[in-house]
Structure formats: C-alpha cells, structure tokens
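Fold and contact review
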Amino acid sequence: MPTMPAVPPQPGPPAPPTAPAPQAPAPTPPRRTAFAEGVDRLRAAATTEPGRLRIIGAFLALLVVAFGAVTAWQTTDRSAAADDVLNNSQPLSSAAADIYRALADANTAASSGFLAGGQETAASRDRYEKDIDTAAEGLVQAAANSEPDSPSAQTVARLNRLLPEYKGLVERARTYNRQGFPVGGAYLRYANEKMQEQMLPAAEDLYKKENERLRADYAAATPYPWAAIGLGVLALAALAWAQHRNYRRTNRVLNHGLVAATATATVVLLWLVVGHSVARANLNDSYDHGVRSLKVLHDARIASLKARGNENLTLVARGAETVKVGENTVDAYDHDFQTNMNLLGKGLTEAEKLADDATGEQPVTAAVGNMTEWKKRHTDARAQDENGNYEAALDKVIGAKGATGECFDSVDANLVKALDHEETEFKQAAGDGLDAMSGLPVGTAALAVLGAAGAVLGIGRRLSEYR
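Here's what I pulled together on the structure shown here. (Residues numbered from 1 in each chain as written. Predicted model: local features only at pLDDT ≥ 70, side-chain atom pairs only at ≥ 80, totals over all residues. Heavy atoms only, no water.)

1. Looking at the overall build of the protein chain
Worth spelling out the cut-off: Secondary structure elements are taken from DSSP: a helix is a run of H or I of four residues or more, a strand is a run of E of two residues or more, and numbering for both begins at the N terminus. The cut-offs for exposure are 20% and 50% of the maximum accessible area for each residue type, with area from a 1.4 Å probe on protein chains only; residues under the lower value are buried, those over the upper are exposed, and the others partly exposed. By definition, residues are in contact when any of their heavy atoms lie within 4.5 Å. Accessible surface is estimated by sampling points in the Shrake-Rupley manner with a 1.4 Å probe; for residues, cover comes only from the protein chains shown.
On a plain count of helices and strands, the protein chain comes out with 12 helices and two strands. Ordered by position in the sequence, the α and β elements of the protein chain form the string α-α-α-α-α-α-α-β-β-α-α-α-α-α. Counting across all 467 residues of the protein chain, residues that qualify as buried make up 44%. Restricting to contacts in the protein chain with at least 6 residues of sequence separation, those with at least 24 account for 82%. Entry remark: accessible area of the protein chain is about 24,500 Å², with carbon and sulfur atoms responsible for 58%.

This is the structure:
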C-alpha cells in the first residue's frame, strides 16, 4: 500500500488565560499643613522682586508699629509713676511726717501745760487740741490711701487705738495736777511713756513706709526706656536700608513714602529721648533738692519737738527717772534732751548743705542760731534746778521772756519756713518733670501709625510699577 504522507504535529488546545499579578497601589502624597504651604508660597514669592517688596513692606510696617507700641507702653508707665510722685506718694510721705510731728508737738504742749499747772494758758491748751486733731485727720487720710491688710493699714489702726488712750491719760494728769495731787505727774509720765515707746515708733514706721513708697515711684519714673530706644534705632536702620536698596535698583534718590516713615520715626525717637531726659533731670532735681531736704527738715523738726518735750519732763519728773551713762547716773529726760539736740544740730547742718538758694538757706541758718541760744538757756535752767531753785528753773523754761520756750518756738517757726520753701521747689521740679512727658504716649503712638502707613505706601508705589 502506498505510504501515507506524514501529518505534522498539531498544536494542543490553548492554555487557559492566567490572571495578571496584582500591583501595589500608588502611594498617596502626604497632606501638607497650611504653615508649610505658606512657607512654600513665601519662598516662591521671595524669588521675585514684587514678592520681596511685599515682605520688606510688611516688615517695615510691623517694626515701626512695634516701636510706637513699646514707646507708648513705657512712657505711660513712667508718666503714671511721675504723677504718683507728685500727687500721691510725696504728699502721703509729708502727711505721715505731719502725723509724727503733731503727736510729738501734742506731747510737748501737754507737758508745758502741766508745768503751768492751774495757770495753763489758752494758747497752750489750743495748741494741744489742734495737734491731736491734726494727728487724727492725718490718720484718716493715711487709712483712706492704704491698701487693706497692708502693714501701713495695720500701723494706722494701731495709732487710732492708742490716740484716745493717750488723750485720756493726759486729761487725768491735768485733772489731778489742778487739784494739787502729785499723782498727776505720774499720769503725765505714763502718757509720755506711751507716746515715746508706742505711738511715736509706730508713726515713724508709717513715715518710713511712705518714704519707701516714694522711692519706689521715683525708681519707676526715672529709668530710660531702653527697649523703646533700641526699637527706634532698629526701625531707622531698617528704613535706611530699604531706601538704599531702592536707590541701587532704580537709581531713584527718594521714595516719598519711605522718607515720610523715616522722618516720623526720627521725630518719635527724638521726642522720646529728649522728653524723657528733661523729665528725668527735673525728677532727679525734685528728689535731690526737694525730697531729701524735706526729709532732713522733717527729722530736724521732730528732734526739736522731742527735745522740748524732754526738757519739760525734766522739771515734771524732778529726778524720778534716771539712767546710767558710763559710771554716772543722770536724769533720763535730760539725757534724752541732749541726744535730741545733737540730732537737731546734725539735721540743720545737713539742711544747710542741701539748700540750693539763699531763700532756703536763710531760715536754716536762723534756726542754727536759735538752737545755740536754746542750749545756753537750758544750761542755765538746769543749773538753777540742780541748786534747788525750782521756780527759777521753771521760769527759764516756760517763762514769758528769756525762756527756752522762745528759742524752741523760733527754731520751729524757721523750720516751718524752710519746709514751705522746699515743698514749693519740689512741686515745681516734679511738675516740670511730669509736664515733659505729657502727650508722649498718645503722640508717639499716633506718629508710629503714620510712619507705618508711609512705609506701606512707599512700597506700594514700587509694586505698582510691576502691574
């Protein structure tokens, strides 16, 4: 049989299609924060000149506004402190000194009236009552201006409690003295002890606290506002740089908006420096030739009042109170008299040094002469008393003519005259210092806003060239 042709091999059935391999999902980009997008936009804007100009304009406006805000803040604080010096803390310090003086003078008037016995003059009695009323009114004022629960308020409350107790002891002493009972002297010594050991130390503590408050107000009013001055210099430097950059890129010498901003910032800075320097100089002058002199004169007047009271009590006690000085035993009240007279002499010497004109120096010099005569007359009175001539000694202390009382009155009158003069000088200098800062906070803030507007308008003028 014939051979059959070979059949080529046939392909098998097609393989079933296979599913494609799964692919990983494309990663989603991370979400960007608004801050990051803003930074990118700012970076992109900074690569173009309009973007750079916008950044420069915003920076200049912010810097000028910050300069004005800090200037207004610091000058407001210093102006408020200067106003406190003039109208609050210094008057309260003087009021505290008046409380101390009134109490010491009341004690002196009480002892003088006791020595006169049944012949106490109406003037002496009126002086005592007036001093008590002055002290009470001063305590009311101090209580009204003290913070509740503060140390000053506690001191005022204590004095308000002690004052009627002291007055009651003095009235008992007068009553028994007019009847001729020796116990009257004991009551007066007890009243003096309450005054010297409780009331006057409390009044002195109140006086010291008010002086500390006054010094704190001066410390707040006089320092230079360095933060505002530094920002002012920085603002002027930035404005000068912006104008120099504008000149280099455009060959235009002036940009009206930037020039206006520079002029405004310069005016604010000069006003700040000059105004505060004048205010500082006047405030320092009010302290050096006002507050310091007033304190020395107040202390001298108080020393003279205490010396007069001790001089009277020397005759009231008649040697009943003694103190040991070295190896000697001396009258306690006469010893205190000598101590207070030494304090008076030192105070008058210091007051003469602080007096800066003839009007202030003249009453102090007169008081020194009165003090010298007082010491001489006191020595004569003590000699009479130690020799047993009590009536002669009494006449030399509270007599009508040639007595130590005349010298004391002259010293007190001259010190009052000196105090009035120094008070006037203080008010003048402190008032000038406060006036030098008036208008600074509002004026500098307004000028700073105008300067910021000028900087924005100046930059806006350059931006308009790219539209």
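Resuming the write-up.
2. What about the layout of surface pockets?
Let me state the cut-off plainly: Lining residues are those with an atom within 4 Å of a point, where the points come from a 1 Å grid over the protein atoms alone and group into cavities, where a 1.4 Å probe fits but cannot get out, or pockets, open sets with protein on both sides within 12 Å along at least five of seven lines. Grid points are joined across faces, edges and corners, and a volume is the space filled by probe spheres set on the points. Throughout this entry, Asp, Glu, Lys and Arg are counted as charged residues, while Ala, Val, Leu, Ile, Met, Phe, Trp, Tyr, Cys and Pro are counted as nonpolar. The remaining residues, Gly among them, count as polar.
Each pocket or cavity is described by its volume, and for the largest pocket that value is around 810 Å³. Those elements giving two or more residues to the lining of the largest pocket turn out to be α2 (49-116), α3 (122-144), α5 (183-221), α7 (256-317), α10 (390-398) and α11 (404-436). When residues in the lining of the largest pocket are grouped by element, the largest group, seven residues, is from α2. Considering only residue class, the lining of the largest pocket consists of 15 nonpolar, 13 polar and eight charged. Put simply, the second largest pocket is a space of about 350 Å³. For the second largest pocket, the lining is made up of 17 residues, of which Tyr100, Glu204, Asp299, Ile302 and Leu343 are closest to its centre. Sort the elements by how many residues they give to the lining of the second largest pocket and α7 lands first, with seven residues. For the lining of the second largest pocket, the per-class residue count stands at seven nonpolar, three polar and seven charged.

3. Observations concerning the pairing of strand β2 (residues 328-331)
To keep it simple, the criterion reads: Should DSSP find at least two bridges between two strands, the strands are taken to pair.
Note: strand β1 (residues 322-325) against β2, four bridges, orientation antiparallel. Paired with Lys324 across the bridge in β2 is Thr329. Connecting β1 to the next strand, β2, in antiparallel fashion are two residues, including Gly326 with a positive phi near 65°.

4. A short note on the packing of aromatic side chains
The relative placement of two aromatic rings is captured by the distance of their centres and the angle of their planes. Rules: By convention, a stacked pair of Phe, Tyr or Trp rings (six-membered ring in the case of Trp) has centres within 6.5 Å and planes under 30 degrees apart, an edge-to-face pair has planes over 60 apart, and any other such pair is tilted. The criterion is that NZ of a Lys, or CZ of an Arg, lies within 6 Å of the ring centre and within 35 degrees of the ring normal, and then a charge sits over that ring.
Inspection of the entire model under this criterion finds five aromatic pairs. Between Tyr224 and Trp226, the ring centres sit 5.5 Å apart and the planes meet at 50°, which makes this aromatic pair tilted. Each ring, one from Phe337 and one from Trp374, has its centre 6.0 Å from the other, and the planes form 65°; the classification is edge-to-face. On the criterion of sequence distance, the pair formed by Phe337 in helix α8 (residues 332-354) and Trp374 in helix α9 (residues 358-386) is long-range, its members being 37 residues apart. Residue classification places Trp374 among the buried positions, given a relative accessible area of 0%. Members of the aromatic cluster, connected to one another through ring pairs, are Phe337, Trp374 and Phe408. Of note, Arg174 hangs over the ring of Tyr128, and the distance from its end group to the ring centre comes to 4.4 Å.

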